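Analysis of the macromolecular model
So you can see what is in the structure, the chains are spelled out below.
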Amino acid sequence: MSTLRHGRHRTLRSDLLLPWVRQTCAPRRRPAVSSAAWRSLLAVTAPAGLGLLAGRPAEGVMVALGALSAVLTDVAAAYRHRAVTMLLPQLLGVAGAFATLTAEGGPVAPYVLPALGVVAGALACLGPEGSLGAMILLMDAEVALDLPLPGPLWLPPALMLLGGLSVVALALAGRPFFRGRAERALLAQCLTGCAAVLEPDAAGPAGTARRRALHDVLERARHTGAVGGGPLLARHLPGLLVLAETASSAGARGLSADPALAGRLRAEAERVAAGRPALDGPWPPGCGPLDVRLVRAARAAVLPEASAGAVPVTAGDWRAGRRWGAARAAARDPRSWLCGLRVGLALLLAGAAAAYFDLPHPYWAVLNVTFVCRPDVGPVTGRALERFCGTALGLLCSGLVLACAGPDWALLGVLAAAAGLVPALSGTGYLYQAAALATVVMTVTQLAGDPGLPLLLPNLASCAIGCLAAAAACELLGPRHRQLALARRLAVAVEQATLALTPHRPRTALAPHLQLALARAEFERVRREPPWRRGATERWGALIDEVERAVDAALAPVPAPADHRHFDATRHHLHRLAERLHRLDGREGAAGAAGAGRAAGAATTEGYRSAAPAPRASGVGRNARAAQQLRDVPVPAGMPRTAVLGAAAGRGGPGAEPVSRPVRRSAATCRP
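What you see is a predicted model, and the numbers here were worked out from it, not measured in a lab.

Some details on a nonpolar patch on the surface
There is a patch of nonpolar side chains on the surface, built from Phe 98, Leu 153 and Trp 154 and spanning about 300 Å² of accessible area. With respect to the element layout, Trp 154 can be found in the loop between α7 (128–146) and α8 (155–172).

Spelled out as structure tokens, the structure:
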């Protein structure tokens, strides 16, 4: 595994750089004209037009820019999720605008934006919603400084909030008529994916693609429920997690299930998507222990009220931590503040360079840093390249429009088209969305009374400064960031698979396949890194496949549960794999998490089936709930907890296999 730690590109060759540039700038899929595009067209164009009619174009442009900030957060499908994703960033944007306007002209004014950048970078580590909130926090703060308005201090934030709330109102207007439709669609996709995984060819390459697609959809449904908090997903997801894990592991091992069960799952998916109740007929009886487990999990997924207690997962444990718990964990994590320091340093560099070159709109450079420094959506260097190329393309189109500028209503037509393209091009690629954003910015600048043609080259220079500052800060303070995140995801998957092998399985939603889905998403971001940061990409892909095979082997049903040789060999392989992953992670305390895998997987093979006490939560994963469940497992009278480490050390009972190399025990696992 040393090649994974030390395999780096020593030289930067053109045959590596040009394919990366083509891969980064290539369109991903066709533009999709959705309801978000129509909302953006109406909410951005109407305030600008009303401002022109009223003779106050600056106020209309401020409302339009507030609406544009809300359009950038209109990415969720479910109404509850959409409300959280769009409302919280607007409140953060108002706070950022007030902070910068209050400090303007004072001695601390140059340091407000970098301080807000540190907070925003730490906030971005909370997930996609935190990243959107951090972006709007900085965006509104910079727009309020760049477009000063005469009047009271609260006027610019209030106008931007008015524009943002108009988009939120349009986005939530259909909730009384289409309530729960997006959640039902996600549940139907999960049930259809489980049925596809149970097909006879599930052990081949086609089955692998189906399993990965299933867990990608399941992770999207889990995230939607965890953020939005819908009761429908809260009821159905625990059973769906167990059904997906069992079906995936059985399909990977080539174990055949009853074909009637797949047909029943598809029929239930159609009824769930249509909002109709479940079928009343009996479920397929099956002809083996695998069918019994699948039917029990399927009934719990489709009829959670009627199957209460059939699946050993508590109703609230499918959430990946409550929001306040995640916020506290991010506040204690030094990686969050390192990300904040990256954003703050990039803002400081961009602001200083823009002031040094005396650009007419210095906050445009800082605004580019805000859009580029979003590591949750991809590599910062690749996003900076897309931002610069997209801005150049947008400025070219804007220059042609402004050179042939007619009356203001013609500019309003261009603004409407560009605003509608901002959400429509979000899936095509950030380069094309950045081109639409640049067109919107130049058009509203012209409508506000500032001539746009003299600002084309300064805008391009500001974009170059912001992108270079973001890339430089990322290179200085973020080495091997993606690889470490990938190793942590894989280590959590191995830990959860080991916990699932314990005889007294914790009553938590152990879903290692979901962790593998997140690891594959992180791996896709690793593949999009620039050549000098990519590392041994092929070896990381092989490691993900190895972990996936190990998890499938751990969770698959065995024909003879009384034979403990399968469990012991799988546990030994899992904790060795966890140690390798923690060595790749290279952080202090990783041995504690590897000890968690040994403590969870160690058990005697003759009668006594209890788990060792979990070590201190200092390693990767910090599965506090599972560790508490392991501490609560009863131990037979007269038997110390240290005795259960015999199997892990190669001194198990008749069914145990010796380990090929000594197993190190941490102090936490050897303590009775």
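Brief notes about the pattern of salt bridges
Considering all chains together, one arrives at 9 salt bridges under this definition. The closest approach of N and O atoms between Asp 545 and Arg 212, which form a salt bridge, is 3.1 Å. One end of the pair, Asp 545, is in helix α24 (residues 537–555); the other, Arg 212, is in helix α10 (residues 205–228), with 333 residues separating them in the sequence. According to the relative accessible area criterion, Arg 212 is partly exposed, its value standing at 26%. In this structure, the salt-bridge partner of Glu 548 is Arg 520, at a minimum N-O distance of 3.7 Å. In this pair, Glu 548 sits in helix α24 while Arg 520 sits in helix α22 (residues 512–527), placing the two residues 28 residues apart along the sequence. Residue classification places Glu 548 among the buried residues on the basis of a relative accessible area of 8%. Sharing partners across several salt bridges, the network here consists of Arg 212, Arg 520, Asp 545 and Glu 548.

Details of the packing of aromatic side chains
Counted under the stated rule, the structure contains 1 aromatic pair. With a centroid separation of 5.2 Å and 80° between ring planes, the pair formed by Tyr 356 and Phe 357 is classed as edge-to-face. The same class applies to Tyr 356 and to Phe 357, which are both exposed. Positioned above the aromatic ring of Trp 283, the side-chain terminus of Arg 264 is 4.2 Å from the ring centre. For Arg 383, the ring lying beneath its charged end belongs to Tyr 430, and the centroid distance is 3.8 Å.

As for the confidence of the model for the chain
Taken over all residues, the pLDDT of the chain has a mean of 76, while the share at 70 or more is 75%. Taken element by element, the predicted model of the chain shows its lowest mean pLDDT in helix α28 (residues 667–670) (32) and its highest in α8 (94). Within the model, pLDDT remains below 50 along residues 307–321, and this stretch shows 38 contacts once partners closer than five positions in the same chain are excluded. Overall, residues 587–672 carries pLDDT values under 50, and its contacts beyond four positions in sequence, including any with other chains, amount to 157 contacts.

Some words on the side chain of Glu 386
Following the sequence through the fold, Glu 386 ends up in helix α17 (residues 380–403). Overall, the relative accessible area of 5% leaves Glu 386 in the buried class. Residues in contact with Glu 386, not counting those within four places in the same chain, are Thr 24, Arg 28, Gly 429, Tyr 430, Leu 431 and Ala 434.

So, the side chain of Thr 24
Within the element layout of this structure, Thr 24 appears in helix α2 (residues 14–25). At a separation of 2.8 Å, a polar atom in the side chain of Thr 24 contacts the main-chain carbonyl oxygen of Trp 20. When sequence neighbours within four positions are dropped, the list of residues in contact with Thr 24 reads Gly 382, Leu 385 and Glu 386.

Conventions used here
- Residues numbered from 1 in each chain as written.
- Predicted model: local features only at pLDDT ≥ 70, side-chain atom pairs only at ≥ 80, totals over all residues.
- Heavy atoms only, no water.
- Patch = residues over 30% accessible without salt bridge, like charges linked within 9 Å, V, L, I, M, F, W, Y side chains within 5 Å.
- Areas by Shrake-Rupley, 256 points an atom, 1.4 Å probe, with all protein chains shown as cover.
- Salt bridge = Lys/Arg side-chain N within 4 Å of Asp/Glu carboxyl O.
- Helix = DSSP H or I, 4+ residues; strand = E, 2+ residues; numbered from the N terminus.
- Buried < 20%, exposed > 50% of the residue type's maximum accessible area, 1.4 Å probe, protein only.
- Phe/Tyr/Trp six-rings, centres within 6.5 Å; stacked < 30°, edge-to-face > 60°.
- Lys NZ or Arg CZ within 6 Å of the ring centre and 35° of its normal.
- pLDDT = per-residue confidence, 0-100.
- Contact = heavy atoms within 4.5 Å.
- Polar contact = N/O pair within 3.5 Å; in protein donor to acceptor, adjacent residues only side chain to side chain.

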